[in-house]
Amino acid sequence: MTPPSAPTDGRRSVPRTDAVLGDARLAEPTARLGRTLVKAHVVAALARVRSGRLVPDGVVDAVLEALPPTASSLLPVVNATGVLLHTNLGRAPLSGAAVEALTAAAGTTDVEFDRRTGARARRGRDTLAALAAAVPEAGGVHVVNNGAAALVLAATALAAGREIVVSRGEMVEIGDGFRLPDLLVSTGARLHEVGTTNRTTVDDYLAAVGPDTGMVLKVHPSNFVVRGFTSSASIRQLSAALEGALAGAPAGSGVPLVADLGSGLLRRHPLLPDEPDAASALRDGADLVTGSGDKLLGGPQAGLMLGERDLVKRLRTHQLARALRVDKLTLAALEATLRGPAPPVVQALEADLETLRRRADALAARLRAAGLAADVVDCEATVGAGGAPGVPLASVAVAVPGELAAPLRLGRPAVVGRVERGALLLDLRSVPPERDPDVEAAVLALAPGCPPGDAG
């Protein structure tokens, strides 16, 4: 008697890897993303088939669903946190003009080439000209790869083996545990701390300045505020005092006054009256100002250096400057930011409150119509990334159930808000108006009875 046949195991019909890769539906993704990346997703899908978690006929669909939009692992995120410059989300989003400049610069460019003469040209000449035009108070300008690099170059060139006079109240810790004193000491300079945590006077600085002083450093404590019984010496006061103390000294023996402003604000902004800016610092007597390009300037990551012409030239020609130089993409995006329209961070900062409320009303109404709980709430946004600490920005958010926070973060596009008192706030001050449909589609995709992919 013939025994009954065993039930068919679908895992026995697992397709070959090359057969899946040859599927016509994967031709375009393979050409766009590369065979190696697509193959990795195919192998992962086939492993799910072998474990019984995926049927063989679903392999290609699973691969198409899992493939990223680009060959990079970085994915776009809609920033609905209300933090305009969110360090974990890449700080300043670039303007359309900067993005176009990046695309143009991605190929072969004339970054160090004079097309008229056919000879080598100064690297970044037009970007530096744009920065100089934005801050005519600066006799010279230079750009390095981030704000910390600008300070490292200044400390190395001016104070390696010598002293940096700095207030104890300005010995800040920046993101990810990096501490300013450790950064400065790594250059070979010695720190001469003056004053106390809450009070430092001009006389404290003058008492510390001597033949071994390489520079006097003023640091904007960008990520905290000290209140109460406090005092600090302004750049103007320090500049005048140093000039008076060194009057009659031989030419070239002056002590440079360096101001690290952090946020990269080039000129005073009416909404941030207490935020230091480069133009004012230079007018007040700073010899050198350093800051970041990807904060309030709204451009790519870069370290901005503006100051007295001969001093900047000394920094630009230092051997370390080569190791800190920026690439053609940064130069292109920075120039477009300086010359082009207001970048997104400026637009968000200056957004009209009533316009934000109208956007929130419209979004909440559409979400409620789909059966989701959604309310419009007044809230406070913030600049972030060490800019304008303690300065609230009136804003409007759409509040949805807090349990949506995780699935929205994992969606495409990812939408990141902030959870307060059990509700997820989607703060529209940090969301460009053109991204409102993306936020709506992402939330609607999570509505009851809405299968993934139905919304938007």
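Just so we're clear, the structure is a prediction, and the values are computed from it rather than from any experiment. Residue numbering note: each chain is counted from 1, following its sequence as written. Per-residue local features are limited, in this predicted model, to residues with pLDDT of at least 70; the limit for side-chain atom pairs, both in listing and counting, is 80 or more; totals at the level of whole chains, interfaces and linings are taken over all residues. Each side-chain value is worked out from all heavy atoms of the structure, with water and hydrogens disregarded.

Section: the nonpolar core
Next up, step 1: We define the nonpolar core as a collection of buried residues of types Ala, Val, Leu, Ile, Met, Phe, Trp, Tyr and Cys that are connected through side-chain atoms lying within 4.5 Å of one another. Exposure classes here rest on a 1.4 Å probe applied to the protein chains alone. A residue is buried below 20% of its type maximum, exposed above 50%, and partly exposed in between. One finds Leu131, Val216, Leu266, Val289 and Leu306 to be the most contacted residues of the largest nonpolar core, which totals 38 residues.
Next up, step 2: Helix and strand definitions here come from DSSP, where helices need a minimum of 4 consecutive H or I residues and strands a minimum of 2 consecutive E residues; each element is numbered from the N-terminal end. Broken down by secondary-structure element, the contributors of at least two residues to this core are helix H6 (125-134), strand E2 (140-144), helix H9 (202-208), helix H10 (235-245), strand E6 (257-262), helix H11 (278-283), strand E8 (303-307) and helix H14 (328-339).
Next up, step 3: Once residues lying within four places of it in the same chain are set aside, the contact partners of leucine 266 are Leu131, Ala134, Val135, Asp277, Ala278, Ala279, Leu297, Leu304 and Leu338. Note on definitions: a residue-residue contact is assigned when non-hydrogen atoms from the two residues lie within 4.5 Å.

Focus: the pattern of salt bridges
Next up, step 1: Any Lys or Arg side-chain nitrogen found within 4 Å of a carboxyl oxygen on Asp or Glu counts as a salt bridge. The full count for this structure, using the stated rule, is 26 salt bridges.
Next up, step 2: In this structure, arginine 116 engages aspartate 114 in a salt bridge whose closest nitrogen and oxygen atoms are separated by 3.6 Å.
Next up, step 3: The exposure class of arginine 116 is exposed, given its relative accessible area of 78%.
Next up, step 4: Close ionic contact of arginine 435 with aspartate 438 constitutes a salt bridge, the shortest N to O distance being 2.5 Å.
Next up, step 5: You can call aspartate 438 partly exposed: its relative accessible area is 27%.

A word on the confidence of the model for the protein chain
Next up, step 1: Every residue gets a pLDDT, meaning the predictor's confidence in that residue, from 0 to 100. Chain-level statistics for the protein chain give a pLDDT mean of 91 and a share of 93% at 70 or above.
Next up, step 2: For residues 451-456, every residue scores under 50 in pLDDT, and the model assigns this stretch five contacts once sequence neighbours within four places are set aside.

Examining the sheet that holds strand E13 (residues 423-427)
Next up, step 1: Taken together, the four strands give an open sheet; going across it, the order is E9-E10-E13-E12, and neighbouring strands pair in antiparallel fashion. The open sheet has two edge strands, strand E9 (375-381) and strand E12 (418-420), and neither has a second partner. Here the strands of the sheet are splayed against their neighbours by 45° on average, with no regard to which way each runs.
Next up, step 2: Inter-axis angles, ranging from 0 to 180 degrees, are taken between N-to-C directions of lines fitted to C-alpha atoms, where helices are fitted over the stretch in contact. Sheet contacts for helix H16 (residues 353-369): E9 and strand E10 (393-401); angle to E10, the most-contacted strand, approximately 5°. Two strands form a pair only when DSSP identifies at least two bridges running between them.

Structural notes on the sheet that holds E6
Next up, step 1: Spatially, seven strands are ordered E2-E8-E7-E6-E5-E3-E4 in an open sheet, and the strand pairing comes out mixed. Strands at the two margins of the open sheet, each flanked by one partner only, are E2 and strand E4 (190-194). Ignoring which end each strand starts from, the neighbouring axes of this sheet average 25° apart.
Next up, step 2: Strands E2, strand E7 (288-292) and E8 of the sheet are contacted by helix H12 (residues 309-316), whose axis makes an angle of about 30° with E2.

Let's talk about the side chain of aspartate 277
Next up, step 1: With respect to the helices, strands and loops of the structure, aspartate 277 is situated in the loop between E6 and H11.
Next up, step 2: Aspartate 277 sits in the buried class, given a relative accessible area of 1%.
Next up, step 3: There is a polar contact of 3.4 Å between the side chain of aspartate 277 and the backbone nitrogen of arginine 268.
Next up, step 4: For aspartate 277, the residues in contact, after removing those within four places along its chain, are Leu261, Leu265, Leu266, Arg267 and Arg268. N or O atoms closer than or at 3.5 Å make up a polar contact, with two conditions inside protein: a donor-capable atom paired with an acceptor-capable one, and, for residues adjacent in sequence, both atoms drawn from side chains.

So, the packing of helix H7 (residues 147-159) against H12
Next up, step 1: For the pair H7 and H12, interaxial distance at closest approach is 9 Å and the crossing angle is 100°. In terms of axis orientation, H7 runs roughly perpendicular to H12. Between H7 and H12, the contacting residues are Leu153, Ala154, Ala157 and Leu158 on the first element and Leu311, Arg314 and Leu315 on the second.
Next up, step 2: Think of it as three bins: nonpolar holds Ala, Val, Leu, Ile, Met, Phe, Trp, Tyr, Cys and Pro, charged holds Asp, Glu, Lys and Arg, and polar takes everything else, Gly as well. Counted by class, the contact of H7 with H12 contains six nonpolar, no polar and one charged residues. For this classification, under 35 degrees means roughly parallel, over 145 means roughly antiparallel, 65 to 115 means roughly perpendicular, and everything else is oblique.

A look at the pairing of E6
Next up, step 1: For E6, the tally of buried residues reaches six of six residues, placing the bulk of the element in the interior.
Next up, step 2: Because side chains alternate across E6, one face comprises the buried residues Leu257, Ala259 and Leu261, and the other comprises Val258, Asp260 and Gly262, equally buried.
Next up, step 3: As paired strands, strand E5 (residues 213-219) and E6 are joined by four bridges and run parallel to one another. Across the sheet, residue lysine 218 finds its bridge partner in E6, namely alanine 259.
Next up, step 4: Looking at chain direction, E6 and E7 are connected through four bridges and run parallel. Among the inter-strand pairings, valine 258 is bridged to a residue of E7, identified as leucine 288.
Next up, step 5: Clockwise travel from the first strand over the helix to the second, with the strands pointing away from the viewer, marks a crossover as right-handed. A crossover connection joins E6 to the parallel E7 through H11; in handedness this β-α-β unit is right-handed.

With respect to unusual backbone geometry
Next up, step 1: Cis rather than trans, the peptide bond between arginine 412 and proline 413 has omega equal to 0°.
Next up, step 2: In this structure, proline 413 sits in the loop between helix H17 (405-409) and strand E11 (414-416).
Next up, step 3: The phi torsion at arginine 91 lies on the positive side, around 55°, for a residue other than glycine.
Next up, step 4: With respect to the secondary-structure elements, arginine 91 resides in the loop between strand E1 (77-79) and helix H5 (96-105).

What about the packing of H5 against H14?
Next up, step 1: Across the interface, H5 lies against H14 with an axial gap of 8 Å and an inter-helix angle of 150°. With respect to H14, the axis of H5 lies roughly antiparallel. Classified by chirality, the crossing of H14 by H5 is right-handed. Within the contact between the two elements, H5 uses Ala97, Ala98, Ala101, Leu102 and Ala105 and H14 uses Lys328, Leu329, Ala332, Ala333, Ala336 and Thr337.
Next up, step 2: Grouping the amino acids of the contact of H5 with H14 by side-chain chemistry returns nine nonpolar, one polar and one charged. In a left-handed crossing the near helix is turned counterclockwise from the far helix by less than a right angle, and in a right-handed crossing that turn is clockwise.

So, the side chain of arginine 418
Next up, step 1: Checked against the element boundaries, arginine 418 lands in strand E12.
Next up, step 2: Of the residues examined, arginine 418 reaches a relative accessible area of 16% and is grouped as buried.
Next up, step 3: In terms of polar contacts, arginine 418 uses its side chain to reach the side chain of aspartate 427, at 3.0 Å.
Next up, step 4: Aside from chain neighbours lying at most four places away, what touches arginine 418 is Ala80, Thr81, Gly82, Cys379, Glu380, Ala423, Leu424, Leu425 and Asp427.

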